[in-house]
Structures are given as C-alpha cells and as structure tokens.
Amino acid sequence: MAERITGHTELIGLIATPIRHSSSPAMHNEAFAKLGLDYAYLAFEVGNEELEDTIKGFRAMNVRGCNVSMPNKTVVHKYLDGLSPAAEMCGAVNTIVNENGVLTGHITDGIGYMAALKDAGIDVIGKKMTLVGAGGAATAIAIQAALDGVAEISIFNVKDKFFERAEQTVRDINEKTNCKAQLFDLADLDTLKAEIATSYLFTNGTGMGMKPFEGQTYIPDKSFLRPDLIVSDVVYSPRETALLKMAKEVGCKTINGLGMMLFQGAAAFKLWTGEEMPIEHMKKTLGIEY
C-alpha cells in the first residue's frame with residue numbers, strides 16, 4: 001500500500017456502523033493494485049448522526065466516492081445532489097460518485113446479488129423466491145430480481161418503518177414488471193413456511209446473522225427447509241450464518257453474501273474508475289468457492 005500512495009492518490013470510502021468487519025477495503029485495494037490504479041479505499045465508522053458532516057467533508061475534500069451501508073443507506077440521499085433511477089426506485093443508496101462536486105447516489109446491491117447467483121450456477125429466472133427483508137439491500141434485490149425475470153417473489157418483513165415502503169415496492173413490481181409480488185408479516189410463521197415450501201430459492205436480505213445478531217436466524221427450525229431448496233444470505237461475515245448452517249444440515253445448496261459483496265463492489269468500482277474489476281483474481285483473493 002505504501003508504495004502505491006502518491007500525492008495524486010484519490011480517496012474512496014465506506015461509511016457505516018458497525019463496519020470494521022468489512023472485506024470491502026481489502027477487495028478494492030487489491031483490485032486497484034492489480035490494475036495499477038491510483039486510488040485508496042478506507043472504512044469509516046459513521047452513523048446517521050455524523051452522516052451529514054461526513055458527506056460535506058467528502059465533498060470539500062473532493063473524495064472520488066464512497067460505499068454506504070447500514071444504517072445510512074436509506075438516509076444519505078438527503079445530502080446528495082441526485083439519484084440514479086434504480087436508487088430512486090429502491091429508496092436506498094450504496095454507492096456515491098463525485099463528479100466535480102456533484103454527488104450522485106447509486107444502488108448496486110440488486111445487480112450484485114443477481115450476478116452472484118448466476119456466477120454460482122443458480123438460475124432463478126422464471127421461478128419463485130421468498131425473501132426476508134425490506135431494507136435497502138432487500139428492496140434492491142427484489143426489484144432487480146423482478147426486472148431480470150424472476151416469476152414470483154414473496155417478501156416477509158417485520159411491521160417496522162420499512163413495511164410501508166415494502167408495500168410500495170410490491171405495487172411497483174406488480175405494475176412495472178411481469179413478476180408477481182406479495183408482502184407478508186414476518187410474524188406469520190405459518191405463511192412463511194408455506195411460501196418457502198413452494199419456492200425455488202429462499203433468501204435472507206437482512207443483517208440477521210451478523211454482529212450483533214450472530215447465531216440468530218428468522219427460521220425457527222429445520223422443518224421450514226427441504227433438501228432441494230436453495231438458501232442464500234446477504235451476510236458474509238461470518239461466512240456461514242446460523243441460517244446457512246441449518247440449511248447445510250438439511251442438505252440445501254447454500255450461498256453466502258461474499259459473492260454479492262464482490263459483484264456489487266465491481267459495479268461500484270466501474271462507476272468510480274471506469275474500469276472492470278478483475279473478477280477472477282478477486283474471487284481467488286477472497287476465497288469465493290461454490
């Protein structure tokens with residue numbers, strides 16, 4: 001890293017909390033080094049209270065851009081100059097690009113998730129998926145899956161501040177795509193079990209399973225799963241969440257969030273640099289195996 005830093009090195013950041021567990025700095029810095037690009041990527045512990053000042057600071061320092069994770073993804077748009085169509089539709093931002101002081105928010109989570117499935121040999125197009133979550137990442141996944149051709153999506157979420165937005169997401173999917181979407185209360189475990197039973201893919205699109213919720217899952221027991229069900233998780237730290245461990249014990253094919261992290265990062269990487277991330281090199285570096 002020291003050999004790469006120059007007086008011209010441009011900064012790219014990651015703002016979230018907690019965030020010290022993230023693999024994104026190692027991933028992006030390795031990709032910069034592999035391609036000989038003069039950028040450096042650093043993680044910053046930033047929550048909603050510090051968010052406005054952080055964005056002002058990035059603008060003042062002409063930081064090239066940043067990634068955004070929870071709890072900032074659905075709030076940061078207030079401090080930006082514009083949003084991509086996808087970010088506006090999702091109501092969330094995970095990537096900011098600075099073009100001469102103009103900050104634009106993008107969302108690459110859905111693209112990354114669908115690319116990771118494809119890379120793992122999972123074809124959910126024309127099939128049904130059940131998804132837990134209605135936050136920024138989960139919404140991006142649902143919308144991208146619908147746009148890409150998933151036939152049916154059953155979304156489950158707790159009755160929190162995101163539930164009303166999830167109702168709008170379902171309306172958008174049903175009105176603007178050929179996918180059939182439904183929304184259910186996550187507390188309705190009988191319906192959750194029934195929807196999973198008729199799904200090709202079940203996905204946890206929330207932070208359940210990572211700190212501070214390690215060892216926890218929304219699935220009460222193994223009876224909710226079956227061997228021919230594919231189970232995915234957006235969490236990648238730990239690499240095997242309680243959900244994925246349970247699914248493996250049942251005999252399900254599983255995929256953690258590392259592939260999604262790589263491919264959503266690759267999309268952001270191109271927005272910042274104009275270059276393609278060296279995917280195969282990064283898969284080896286990150287130890288991504290299916």
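Residues numbered from 1 in each chain as written. Predicted model: local features only at pLDDT ≥ 70, side-chain atom pairs only at ≥ 80, totals over all residues. Heavy atoms only, no water.

The protein chain goes by Shikimate dehydrogenase (NADP(+)) in an unreviewed UniProt entry, where it is assigned to Candidatus Cellulosilyticum pullistercoris. In its Sequence similarities (unreviewed entry) section, UniProt records this for the protein chain: "Belongs to the shikimate dehydrogenase family." Quoted verbatim from the Function (unreviewed entry) field of the UniProt record, the comment on the protein chain reads "Involved in the biosynthesis of the chorismate, which leads to the biosynthesis of aromatic amino acids. Catalyzes the reversible NADPH linked reduction of 3-dehydroshikimate (DHSA) to yield shikimate (SA)." (UniProt positions renumbered as here; feature names shortened; annotations may be inferred.)

Asker: Help me understand the sheet that holds strand E6 (residues 102-106), please; the structure alone is not making it clear to me.
Answerer: Where strands meet in a sheet, backbone hydrogen bonds hold them as pairs that are either parallel or antiparallel. Ordered by their spatial adjacency, six strands build an open sheet running E2-E1-E3-E5-E6-E4, and the pairing between neighbours is mixed. Each edge of the sheet is formed by a strand with only one pairing partner; in this case those strands are strand E2 (39-45) and strand E4 (82-83). Relative to E2, strand E1 (residues 10-16) runs parallel, the two being bridged by seven bridges. When the bridges of E2 are listed, Ile 12 appears paired with Tyr 41. Against the sheet, helix H2 (residues 48-61) makes contact with E1, E2, strand E3 (65-68), strand E5 (95-99) and E6, and its axis sits at roughly 170 degrees relative to E1, the strand it touches most. (Pairing = 2+ DSSP bridges. Helix = DSSP H or I, 4+ residues; strand = E, 2+ residues; numbered from the N terminus. Contact = heavy atoms within 4.5 Å. Axes fitted to C-alpha atoms, helices over the stretch in contact; angles between N-to-C directions.)

Asker: Just to check I follow, could you spell out the nonpolar core for this structure?
Answerer: Looking at soluble globular proteins, one finds that nonpolar side chains tend to be buried together. Counting 53 residues, the largest nonpolar core has Tyr 113, Leu 117, Met 129, Ile 153, Leu 262 and Met 277 as its most contacted members. For this core, the element with the most residues is helix H9 (residues 258-273), which contributes nine residues. Residues in contact with Leu 262, not counting those within four places in the same chain, are Met 27, Met 277, Ile 279, Met 282, Lys 283, Leu 286 and Ile 288. Judged by nonpolar contacts, the second largest core, of 21 residues, contains Val 46, Val 63, Ile 96 and Ala 140. (Core = buried A, V, L, I, M, F, W, Y, C linked by side-chain atoms within 4.5 Å. Buried < 20%, exposed > 50% of the residue type's maximum accessible area, 1.4 Å probe, protein only.)

Asker: So what exactly am I meant to see when it comes to the sheet that holds strand E10 (residues 201-204) here?
Answerer: Taken in spatial order, the six strands line up as E9-E8-E7-E10-E12-E13 in an open sheet, and their pairing is parallel. Of all strands in the sheet, those with a lone pairing partner are strand E9 (180-185) and strand E13 (253-255), marking the two edges. Geometrically, the sheet is characterised by an average inter-axis angle of 15 degrees between neighbouring strands, direction not taken into account. Of the pairings in the sheet, the one linking strand E12 (residues 230-233) to E13 comprises three bridges and is parallel in character. Paired with Ser 232 across the bridge in E13 is Ile 255.

Asker: Please clarify how the UniProt feature "domain: SDH C-terminal" (unreviewed entry) in the protein chain should be interpreted in this entry.
Answerer: Summarizing the sequence annotation, UniProt attributes the feature "domain: SDH C-terminal" (unreviewed entry) to residues 257-286 in the numbering used throughout. Counting secondary structure, residues 257-286 comes out at 80% helix and 0% strand; the distance between its end C-alpha atoms is 12 Å.

Asker: Could you clarify how one ought to interpret the side chain of Thr 130 in this entry?
Answerer: Along the chain, Thr 130 falls in strand E7 (residues 128-132). Residue classification places Thr 130 among the buried positions, given a relative accessible area of 0%. Among the polar contacts listed, one links the side chain of Thr 130 to the backbone oxygen of Glu 195, at a separation of 3.4 Å. Residues within four places of Thr 130 in sequence aside, it is in contact with Ser 154, Phe 156, Leu 192, Glu 195, Ile 196, Ser 199, Leu 201, Phe 202 and Thr 203. (Polar contact = N/O pair within 3.5 Å; in protein donor to acceptor, adjacent residues only side chain to side chain.)

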